[in-house]
Amino acid sequence: LPIIRAQGSPDYFPDANFYKVEAILRPWRIPQVSSALLKMGIRGVTVSDVRGFGAQGGLTERQAGSEFSEDKFLAKVKLEIVVSKEQVEAVIDKIIEVTRTGEIGDGKIFLVPVSDVIRVRTGERGERAERMAGGRADMSSPVQN
Ligand code: ATP
Ligand code: GLN
């Protein structure tokens, strides 16, 4: 497949320091996505099994006949990844690179502004809470923090 980049605009609205990348994807692609994200320093990911209805209209997926469901809802996985603003496009591009088949049902990505991040263990907020040891920010500037 040709490389497709999200036609990203840095002018997200509303503006925030952090965004949640919420991706609804085919379940059988999730292992590749999580290892690709980990490799690029994205260590905080939440995943949920969901059922969805889109343009695919409940048509059974070619690669996974076992996903057939009795109603029109197909098994999907929702990935939620909160990252700092400057990491958003890299995460979106990586998800597309790894999950795109070009077939209906590849999924959709929603970008949601996040007001704050709080680490329960320490009470840290904002950038201190969003940063993860050995994460992407550390990988790009190992001297900081
Ligand atoms: P600590 O250093 O206290 O372990 P942490 O930042 O590593 O804090 P955890 O408490 O380990 O966070 O995370 C708990 C859960 O929160 C994770 O299993 C994951 O589901 C979710 N999570 C953490 N960070 C993110 C993130 N940036 N985006 C999405 N989900 C996250
Ligand atoms: N932005 C964080 C960092 O650079 C990583 C966030 C995440 O893993 N979701 O450390």
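Residues numbered from 1 in each chain as written. Chains lettered and ligands numbered in written order. Predicted model: local features only at pLDDT ≥ 70, side-chain atom pairs only at ≥ 80, totals over all residues. Heavy atoms only, no water.

Engineer: Would you explain the site of ligand 2 in this entry?
Structural biologist: Every one of the 13 residues lining ligand 2 counts as a neighbour, but Arg43, Gln87, Glu130, Met132 and Ala137 are closest to it. The contact in question runs from an oxygen atom of ligand 2 to an N or O atom on the backbone of Met132, over 2.9 Å. Protein contacts shield 99% of the accessible area of ligand 2, which totals 300 Å² for the unbound molecule. Mapped by element, the contributors of at least two residues to the shell around ligand 2 are β3 (74–84) and α4 (136–140). A per-class count over the shell around ligand 2 returns 6 nonpolar, 3 polar and 4 charged. (Near = heavy atom within 4 Å. Polar contact = N/O pair within 3.5 Å; in protein donor to acceptor, adjacent residues only side chain to side chain. Areas by Shrake-Rupley, 256 points an atom, 1.4 Å probe, with all protein chains shown as cover. Helix = DSSP H or I, 4+ residues; strand = E, 2+ residues; numbered from the N terminus. Nonpolar A, V, L, I, M, F, W, Y, C, P; charged D, E, K, R; others polar.)

Engineer: Explain the site of ligand 1 here, please?
Structural biologist: Residues in contact with ligand 1, as listed here, are Gly44, Val45, Thr46, Glu80, Ile81, Val82, Arg119, Arg121 and Met132. Against a free-state accessible area of 600 Å², the protein chains account for coverage of 51% of ligand 1.

Engineer: Explanation requested: the sheet that holds strand β1 (residues 18–25) in the structure shown.
Structural biologist: Pairing between sheet strands relies on hydrogen bonds along the backbone, with the strands arranged either parallel or antiparallel. Spatial ordering of the open sheet is given by β2-β3-β1-β4, a layout of 4 strands whose pairing is antiparallel. Unpaired on one side and paired on the other, β2 (46–52) and β4 (107–114) mark the two borders of the sheet. The sheet shows a mean angle of 25 degrees between the axes of neighbouring strands, taken without regard to direction. With 8 bridges joining them, β1 and β4 adopt antiparallel strand pairing. Residue pairing in the sheet places Phe18 in a bridge with Val114 of β4. In this fold helix α1 (residues 30–39) packs onto β1, β2 and β3, with an angle of close to 10 degrees to the strand it touches most, β3. Sheet strands in contact with helix α2 (residues 88–99) are β1, β3 and β4, and its direction is about 10 degrees off that of β1. (Pairing = 2+ DSSP bridges. Axes fitted to C-alpha atoms, helices over the stretch in contact; angles between N-to-C directions. Contact = heavy atoms within 4.5 Å.)

Engineer: Even after reading the chapter, I still don't get the confidence of the model for the protein, so can you show me in this structure?
Structural biologist: Low-pLDDT portions of the prediction should not be read for the details of their coordinates. When pLDDT is averaged across the protein, the result is 88; 86% of the residues are at 70 or more. Predicted complex metrics record ipTM = 0.95 and pTM = 0.88. (pLDDT = per-residue confidence, 0-100.)

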